[in-house]
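The primary structure of each chain is shown beneath.
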Amino acid sequence: MHVYIKFLDKWRGRMLGFILLFICFTILFIISTFVKDKKLKKIISIISLVVLCIISGTRYNVGGTDYFMYKNIYQSLPTSNIFSQMISFCSSTGLEHGFYLYLSVIKLLGFNYYGFTLINSIVFYFLFYKVLKRYDYNINFVLILFLYKMFFYNTMISMRQPISIIIFWLSLPYLKDKKYIIYYLMCFVALFFHRSSVILFLLPLVTHFKISKNTYFILLIAFFASFIFVKLDVLNISGMLQNVLNFIFRNDNGGLSRLDNYLSSSYGMSIFYLLEYYSIALLLYKHYDKIISMDSDSYFFVKLFICLLPMYTIFSNFSVVTRFKDFFFLSYPFVLIYISRCLQKNKFLLYFITILVCFYGFMRYINNFDSGEFKNYRSFIFEEVSIMGDK
């Protein structure tokens, strides 16, 4: 055991560790694909989630400026009269009230910031498993896409929005079954953790509409054309939105200022994501009628996947959209699974291409984020720090 720990310690700051992680998850996916024993599949998926939980939860001074910003906030949290100080503290730090109370409870239990990151990771992955086990899909396939699309940003950088995302995922059955009172109550809870949850209140309107194959094709063409018009500055979406927001937030200068930052941001989403999305979207179009009638959830998740279409096209220049799109992550692996069921013999080619794209995106994120900060990943397991107390 001592030799094993020394080996991990030696490679803890190398990219090789993440490459091995991705390879291991690919192997576990292959095993779970051919294994018919549901109990064994469950064990494989739980082990996979525990590994990710440990990596995310025990990160040590890794996660960009957000990591240290939340560390300073956590250490400055009041330890008495937390309710009376909530409004002033949230106003000065920009925290939502729900996240403030969440942090306060963990701190009152005696945990320091390292303890908080571990508990936060445990909460996220436990609820993530609760979400995934509701659906009869290969969890390890979902996790391969998760490694690419959500693992770093939503479990090691961002801390407020992932809680909102997991609450939304838990609310999906209520949205699908049109139990809107429960759904909206959960959306309100999510909103108290991150403001981006406001988009969730529109989904009952969107998912209510019936979308035929022909309508879906028209949407694909129309939004792709809008993407071109936006890039050519034929459509000034930013100016239109600015006028609307000026009216809505005319009495809230703080809210307007934050939204101005998002609208005036010089970065949006890469065209790589658009090409990736349309590759899946065209396969979905080919098998559309078969997929939407495949099971009781398929049409619902197809609609959630279509919700991403304007985000990758007409609104792709806005950085705020990068916040919104993560709510719809589950539609990616689920739609791909539906497509694979239509392809029969070629489904393994789809899996292979998906794994390659995910590996590319996974490594691309490691290289690009903060000049490769995750190459220097460290775990506090090796730093001899406590999760309790003031440090």
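Everything below is about the structure shown above.
This report concerns the structure included in the present document. What you see is a predicted model; the values in this text were computed from it and never measured.

## So, the overall build of the protein
A count of helical and extended segments in the protein gives 22 helices and zero strands. Within the span of the protein, comprising 391 residues, buried residues form 49% of the whole. Taking the intrachain contacts of the protein between residues at least 6 apart in sequence as the baseline, contacts between residues at least 24 apart amount to 78%. On the protein, roughly 19,400 Å² of surface is accessible, and the fraction owed to carbon and sulfur atoms is 66%.

## A closer look at the packing of aromatic side chains
Enumeration according to the criterion identifies 61 aromatic pairs in this entry. Relative to F152, the ring of F18 lies with its centre 5.3 Å away and its plane at 70°, an arrangement referred to as edge-to-face. Of this pair, F18 sits in helix α2 (residues 15–34) while F152 sits in helix α9 (residues 151–157); the two residues are 134 residues apart in sequence, bridging distant segments of the chain. Judged by its relative accessible area of 1%, F152 is buried. A centroid spacing of 5.1 Å and a plane angle of 35° characterise the contact between F217 and Y285, whose relative ring orientation is tilted. Within this pair, whereas F217 is found in helix α13 (residues 213–231), its partner Y285 is found in helix α16 (residues 271–286), the two being separated by 68 residues in sequence. The partly exposed category is assigned to F217, whose relative accessible area is 36%. By relative accessible area, which is 24% here, Y285 ends up partly exposed. Members of the aromatic cluster, each reached through a chain of ring pairs, are F18, F22, F151, F152, F359, F362, Y365, F369, F374 and Y377. The ring centre of Y74 lies 5.7 Å from the NZ or CZ of K107, which sits over that ring.

## As for the packing of helix α6 (residues 97–108) against helix α7 (residues 113–132)
Between α6 and α7, whose axes approach to 10 Å, the crossing angle comes to 120°. Comparing the axis directions of α6 and α7 gives the class oblique. Of the two possible hands of crossing, α6 and α7 adopt the one that is right-handed. For the pair formed by α6 and α7, the contact residues are F99, Y102, L103 and I106 on the first element and F116, I119, N120 and V123 on the second. By residue class, the composition of the contact of α6 with α7 is seven nonpolar, one polar and no charged.

## What about the pattern of salt bridges?
By the definition in use, this model includes eight salt bridges. Here E96 ties to R195 by a salt bridge, and the two come within 3.1 Å at their closest N and O atoms. Taken together, the positions of E96 in the loop between α5 (86–93) and α6 and R195 in the loop between α11 (180–191) and α12 (203–208) put the pair 99 residues apart, joining distant regions of the chain. According to the relative accessible area criterion, R195 is partly exposed, its value standing at 35%. Between E383 and R378 there is a salt bridge whose closest N-O contact spans 3.9 Å. The class for R378 is partly exposed, based on a relative accessible area of 30%. Each member of the salt-bridge network shares a partner with another, and the members are E96, R160 and R195.

## Digging into empty space enclosed by the protein
Within this structure, the stated rule accounts for three cavities of 30 Å³ or more. Estimates place the volume of the largest cavity at around 90 Å³. For the largest cavity, the full set of lining residues is S56, R59, T117, N120, S121, F124, Y125, N154, T155, S158, M159 and P162. Secondary-structure elements contributing two or more residues to the lining of the largest cavity are α7 and α9. Counting residues per element, the lining of the largest cavity draws most heavily on α7, at five residues. For the lining of the largest cavity, the residue count by class is four nonpolar, seven polar and one charged. Lining the second largest cavity we find Y102, N120, V123, F124, L127, P162, I163 and I166. At the level of secondary structure, the elements contributing two or more residues to the lining of the second largest cavity comprise α7 and α10 (161–176). Sorting elements by how many residues they give to the lining of the second largest cavity places α7 first, with four residues. Tallied by class, residues from the lining of the second largest cavity come to seven nonpolar, one polar and no charged.

Reading the values: the criteria
Numbering of residues begins from 1 in every chain and follows the order in which that chain's sequence is written. Reporting of local features is limited, given that this is a predicted model, to residues whose pLDDT is at least 70; pairs of side-chain atoms are given and counted only at 80 or more, and all residues count toward the totals for whole chains, interfaces and linings. Excluded from the side-chain calculations are hydrogens and water; all other atoms, namely the structure's heavy atoms, are used. Under the DSSP-based scheme used, a helix requires at least four consecutive residues in state H or I and a strand at least two consecutive residues in state E, with every element numbered from the N terminus. Categorising residues by exposure relies on relative accessible area from a 1.4 Å probe, with only protein chains included: less than 20% of the type maximum marks a residue as buried, more than 50% marks it as exposed, and the intermediate range marks it as partly exposed. Pairs of residues are marked as contacts when any of their non-hydrogen atoms sit within 4.5 Å. The Shrake-Rupley method, run with a 1.4 Å probe sphere, supplies the accessible areas, and residue values consider only the shown protein chains as cover. Centre distance within 6.5 Å is the pairing criterion for rings of Phe, Tyr and Trp, where only the six-membered ring of Trp is used; planes under 30 degrees apart are then read as stacked, over 60 as edge-to-face, and the remainder as tilted. Charge-over-ring placement is defined geometrically: NZ (Lys) or CZ (Arg) within 6 Å of the ring centre, and within 35 degrees of the ring normal. Geometry is summarised by axes, namely lines fitted to C-alpha atoms with helices restricted to the contacting stretch, and by angles between N-to-C directions that run from 0 to 180 degrees. Every angle not falling under 35 degrees, over 145, or within 65 to 115 is termed oblique; those three ranges are roughly parallel, roughly antiparallel and roughly perpendicular. Should the near helix be turned anticlockwise from the far one by less than a right angle, the crossing is termed left-handed; should it be turned clockwise, right-handed. Gly is put with the polar residues, along with every residue not named as nonpolar or charged; the nonpolar set is Ala, Val, Leu, Ile, Met, Phe, Trp, Tyr, Cys and Pro, and the charged set is Asp, Glu, Lys and Arg. By convention in these notes, a salt bridge is any Lys or Arg side-chain nitrogen within 4 Å of a carboxyl oxygen on Asp or Glu. Only protein atoms enter the 1 Å grid used here, on which a cavity is any set of points holding a 1.4 Å probe that cannot leave and a pocket is any open set flanked by protein within 12 Å on both sides along at least five of seven lines; residues with an atom within 4 Å of a point are listed as lining. Grid points are joined across faces, edges and corners, and a volume is the space filled by probe spheres set on the points.

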